[in-house]
Amino acid sequence: MRSAAALALAAALVVPTFAAAPPQAAPPQGEPTFKAGVELVRLDVQVTTDAGRPIEDLRQHEVQVIENGRPRPVLFFQHVRQPSVSYLDAAARTIGSEVSTNQGAPRGHLYVLVFDQDHITSGTEQKVRRAAEAFLKARLRPGDRVAVYGLPGPGPRIGFTGDLRLADAELRKVRGGLDRIGLGGLGSMNVDEAYEILRGNEAVLERVVEGRSQAATSSNILADVARPGIGEDLTTARQLAREDAQTIVANADQKTRLFLSSFADLIRSLRLVEGRKTILLFSDGFFGDHISSQLENVAAAAAQSYSVIYAFDLNNRSIDLSQSYGGRGNDQQVEIEDRISPLATLSIETDGRLFNDAGDWLPRAIDTVAAASGDYYLVGFEPSPDALRHRDGYHPVTVRVSRPGAHVSTRTGYALEPLPTPADRRQSINAALSAPFPEQGLPVDYTTYELRGSSTDQARVVLSASAELPLATKQHKTADIVFVTRSAEDGRVVASGTDTMALPTQAPPGATSGTGTYQVKFDAPPGDYLMRVIVREPGGLVGSADRRFTVRPLGGPGVTVSDLILGTPRVGRLPAQPRAWTNDVLDGFVQLYARTPGPLQEATVSFAMSPLGSSGSGLTLTGRPLQVVNDPAGLERDVTFQLPLGETPPGTYLVKATVRAGGETVAERERQVQVVPGDAPVTRTAAAGAGHTEETAPAAAVAPDPADVLQGDVARDYLESLRQGVTVDSPLWRATAFALDGRWPKAEAALGRVDAGSAPGLGLQGLAAMARHDFPAAGASLHAALRLDPRDGRLAFLAGWADRGAGDAQQAIGDWRNAALLDPTLIPAHLALADAYVALGQPALAIQALQAGLRAVPDSPELRNRLAALEHQR
């Protein structure tokens, strides 16, 4: 049966319904997993419908990567969504919201304007420059960045910037230097004619020898040489023409190779900037007869840096009637097709586009690129053994999607980056710190909680982050995490840190990766702040997210209030995104601060939970105040709540805490929680202590005997841990020795020389108070110790018995749930929790508690026997 609270909540909630999604093919069994240290190849893949609209609900099992005729397992799959709202709205949702994320974050375009200066006809650059300037003025949005390069130099050269004035200043440096006529030892001919001669085109050779080259002038020496009777015979003239053609082609190839080498180096340098780069290449083109390896090098560089090349053909197709023999006609068209063929190759290989004859519609052509959808998928797979043996090569792949009617657009292959060096790790993090917007190589979410700091003018900010990460291996167990917090007013750094976060050890069903979590605390004065968090996994993938938040003053004369914390009160790691399960209990708390006890005693807190976006008030609960604690920064009091969710419909809910004092509302705090169906998962962690399997919990209806608790294995294990690493005969060592011997008065006397504000000192004070049957004081001290050492499940377990002795059974349940979450192998916590639920008439919750314990310690006879007894009673 539902509890009364669950029935009331279900009656009050109005949850919107949604149409069922179209059925998808079931994912295959035995999915491969993405493990840390694996070298991952990522392709940016666009998938559209017949109408050209992006498909936004593609699943990983629908994608297949084929290399050398064989499928490669897809290990990484991420949807990079084009924000459907304005830049400011996207920023408000992802940067200024309760939980900051890089999914759907405002990520403007990264435009790279490249001018092939040796292959742009002189004079044409002016028209191109005007079109580029108009494009930037009309299309460059907040968050967009543009880089401008003229290759080879001298010419424009500026990296990514959002400053339109700087970009315009560089555009004025663009020059055009294409010369279509080549000069040989004996005369001149068109460059395209030289290529045709070396290709074996006898008609063109004959035409040049006879003085009918398109480059012929009155001073053309070659034409004189070619005439019979003037110096040389026809055979010699043909040989000289071929030699001149070789010289002209060699010079043209040298210029092309210089450009392509510079172009590849430029593109490859962009790989440190995460995100898809849109490269706009302006050129009349060049001949591709002898540059296949250079083209492949550019395609490989584009694959390494996630760059897409859009080439703009600038050739003038009007016929110049001033040239001899009626103009070039068909020869001109052949030359243009030869020149733009390499541009087409680069566009196709990188999933871009060639804009033919763009000179006449250049502004519209550029706008077409800006209007292209930014919605795509990152598909990651492990490179083939052949690719690992030939790292320098370009390896063709095909991407297929099984969904009917889906169209795939992606690059034609990949190239492996050079083997990483230790410097690459720091370099990629520095690049992420300075990047113009968040990087989306890894999904990253985080939030901040504000509590009172170590002094009245400081707040304690708790950063809680989560990231989708590969699974840990023996060689790789952690990912890098870096954060920087700056004042929004003057940019001053107020807090920063470099640390590691543990990699997940298992993936959820149907997934190839898991979720890692991280928490850090720092103090900051009241004010507005900007924060960036960067996560880098061992293989080099990087994700980052930005946040804007405000720190409120918490040291005023009246009652001030911390942020609302949902989840289990005082757990070691606050959630980045709070979750609760329908077969579980939602709990949370706020902390109240004041200078004197009176305001804290009078203040009341109510908690309301309702569906997000609902106009109804939902269910309202009155908070349970705990003992007032004298903290070094002042007085504080926790006010908690617990709500059995029962059959609460899954969905997103808003929990609101309203604090009233002196007859008026002094603060309101809100936080969202995601309610999901089923039982709360149990995560295996290392045991916090040993020797606890014999201890059993007395019935919750009976007040605890301090001797039973203090002589139990959990308490003794905790006391033994306090002596580790401590100098023999030191005050802490002596106090612990007396406690282990059961001589608590002497232990308490020895505490006078132990730091009373330290976690060990507070823990010993709490146990000593319990020995005196002063359970309220014991609970206050043990909770204070837990706040300083929030990962110790033993402290939470012992605090539960202190609260139970003080008559607060609900708080004791919360403490034992904390202990079970902090250390799932702590069998006494599961037993105590089960007995407490039985005492409250909730046998179903008791069974859930025991089942959770058996998932962590499946061979426990204590848990099995207790579960069997409960199930028999039902």
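Chains are numbered independently. Their residues run from 1 in the order of the written sequence. Selection of residues for local features in this predicted model requires a pLDDT of at least 70, selection of side-chain atom pairs for listing and counting requires 80 or more, and totals for whole chains, interfaces and linings are taken over all residues. To obtain the side-chain values, all non-hydrogen atoms of the structure were used and water was disregarded.

**Q** Any chance you could explain the overall build of the protein here in plain terms?
**A** Helix and strand assignments come from DSSP, with helices taken as H or I runs of at least 4 residues and strands as E runs of at least 2, each series counted from the N terminus. A tally of regular secondary structure across the protein gives 25 helices and 35 strands. Between buried and exposed lies partly exposed: a residue is buried under 20% and exposed over 50% of the maximum accessible area for its type, with that area taken using a 1.4 Å probe on protein chains only. Counting the 874 residues in the protein, one finds 53% classified as buried. Any two residues having at least one pair of non-hydrogen atoms within 4.5 Å are treated as being in contact. Across the protein, the fraction of contacts at a sequence separation of at least 24, relative to all contacts at a separation of at least 6, is 71%. Carbon and sulfur atoms make up 51% of the accessible area of the protein, which totals about 37,600 Å². In short, Shrake-Rupley with a 1.4 Å probe defines the accessible areas, and a residue's cover is counted only from the protein chains shown.

**Q** Help me understand the sheet that holds strand E21 (residues 478-487), please; the structure alone is not making it clear to me.
**A** Think of a sheet as strands paired side by side through backbone hydrogen bonds, with each pair either parallel or antiparallel. Read from one edge of the open sheet, four strands run E22-E21-E24-E25, paired in antiparallel fashion. One side of each edge strand has no neighbouring strand; the edge strands of this open sheet are strand E22 (493-502) and strand E25 (542-551). Shown here is a sheet whose adjacent strand axes are inclined to one another by a mean of 15°, direction ignored. Pairing between strands requires that DSSP locate at least two bridges from one strand to the other. Here nine bridges tie E21 to E22, and the two strands are oriented antiparallel to one another. Its bridge partner lying in E22, Phe 483 is registered against Gly 497. A fitted line through C-alpha atoms represents every axis, and for helices the fit uses only the stretch in contact; the resulting angles, taken between N-to-C directions, go from 0 to 180 degrees. Most of the contacts of helix H13 (residues 422-434) go to strand E24 (residues 527-536), to which it runs at about 145°, and overall it touches E21, E22, E24 and E25.

**Q** Any chance you could explain the packing of helix H22 (residues 809-822) against helix H23 (residues 827-839) here in plain terms?
**A** A pair of packed helices can be characterised by two numbers: the angle between their axes and the separation between those axes. Direction vectors running N to C along H22 and H23 enclose 150°, while the axes themselves pass 9 Å from each other. One way to sum up the angle between H22 and H23 is to call them roughly antiparallel. H22 and H23 meet at a crossing whose hand is left-handed. Residues Ile 813, Trp 816, Arg 817, Ala 819 and Ala 820 of H22 form the contact with H23, whose own contacting residues are Ala 829, His 830, Ala 832, Leu 833, Ala 836 and Tyr 837. Lys, Arg, Asp and Glu make up the charged group, whereas Ala, Val, Leu, Ile, Met, Phe, Trp, Tyr, Cys and Pro make up the nonpolar group; the residues left over, Gly among them, are polar. Tallied by class, residues from the contact of H22 with H23 come to nine nonpolar, one polar and one charged. With respect to orientation, any angle under 35 degrees is reported as roughly parallel, any angle over 145 as roughly antiparallel, any angle of 65 to 115 as roughly perpendicular, and every other angle as oblique. If you view the pair so one helix is near and one far, a crossing is left-handed when the near helix is turned anticlockwise from the far one by less than a right angle, and right-handed when it is turned clockwise.

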